[in-house]
Amino acid sequence: MRFKHADTVQRLKSSFLNEKKSVQASADVRVAEMQRKANAQATSCLQDHMKEVHEENKELRRQLLSLIQEGRMLQEHKRELEKQNKALLRDRQFVSDLKQIRDRRLLKAIQAVEHRPT
């Protein structure tokens, strides 16, 4: 009976180990498949994200170039306005100088009339 019992225990143990080995192999296959799918999905997500970043970079580059061009145009406009301002200041000074000359001549003429002997 001991032999029968030991044989039964040995068969159960062998059956358990075979089933454990089979379950482990099946689990390994499922894990490998899950890893493959996860890697494929991660790769796909990274590629999608890279495309989005690339498109965003292109748009940001376009906006930057536009802002640089606008900045250059504003600098040129500023230079033109500064030139106009200088010209207007010169004109204003010229008009002021003419007025002073006219006022001095007028004052001399008035003084000459007042001091003229009658």
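Residues numbered from 1 in each chain as written. Predicted model: local features only at pLDDT ≥ 70, side-chain atom pairs only at ≥ 80, totals over all residues. Heavy atoms only, no water.

A.B. asks: When you look at the overall build of the protein in this model, what are you seeing that I'm missing?
C.D. replies: The number of helices and strands found in the protein is one helix and zero strands. The C-alpha radius of gyration computed for the protein amounts to 50 Å, which surpasses the reference 13 Å derived for 118 residues by more than 25%, pointing to a less compact arrangement than a globule. Based on the C-alpha atoms only, the size of the protein along its principal axes is roughly 170 × 25 × 10 Å. Out of the 118 residues belonging to the protein, those deemed buried represent 0%. Between the centroid of the 26 positive side chains of the protein and the centroid of its 17 negative side chains there is a distance of 4 Å. (Helix = DSSP H or I, 4+ residues; strand = E, 2+ residues; numbered from the N terminus. Rg over C-alpha atoms; globule rule 2.2 N^0.38 Å. Buried < 20%, exposed > 50% of the residue type's maximum accessible area, 1.4 Å probe, protein only. Lys, Arg positive; Asp, Glu negative; His and termini not counted. Charge placed at Lys NZ, Arg CZ, Asp CG, Glu CD.)

A.B. asks: Even after reading the chapter, I still don't get the pattern of salt bridges, so can you show me in this structure?
C.D. replies: Pairing of side chains with opposite charge becomes possible as their charged atoms draw close. Applying the stated rule across the entire model yields six salt bridges. Salt-bridge contacts for Arg 11 lead to Asp 7; the nearest nitrogen and oxygen are separated by 3.6 Å. Of this pair, Arg 11 and Asp 7 both sit in helix H1 (residues 2–114), four residues apart, which is roughly one turn of the helix. For Arg 11, a relative accessible area of 51% corresponds to the exposed category. The exposure class assigned to Asp 7 is partly exposed, which follows from its relative accessible area of 35%. A salt bridge links Asp 103 to Arg 102, with the shortest nitrogen-to-oxygen separation between them at 3.4 Å. You can call Asp 103 partly exposed: its relative accessible area is 33%. (Salt bridge = Lys/Arg side-chain N within 4 Å of Asp/Glu carboxyl O.)

A.B. asks: Before we go on, may I ask you to explain a nonpolar patch on the surface in this structure?
C.D. replies: On the surface, Phe 94, Val 95, Leu 98 and Ile 101 cluster together into a nonpolar patch covering about 370 Å² of accessible area. Within the secondary structure, Ile 101 sits in helix H1. Ile 101 gets classed as partly exposed once you look at its relative accessible area, which sits at 37%. (Patch = residues over 30% accessible without salt bridge, like charges linked within 9 Å, V, L, I, M, F, W, Y side chains within 5 Å. Areas by Shrake-Rupley, 256 points an atom, 1.4 Å probe, with all protein chains shown as cover.)

A.B. asks: Please explain the environment of Ser 22 as it appears in this structure.
C.D. replies: Relative to the helices and strands, Ser 22 is located in helix H1. By relative accessible area, Ser 22 is classed as partly exposed at 46%. C-alpha separation for the pair Ser 22 and Gln 93, spaced 71 residues apart in sequence, amounts to 103 Å.

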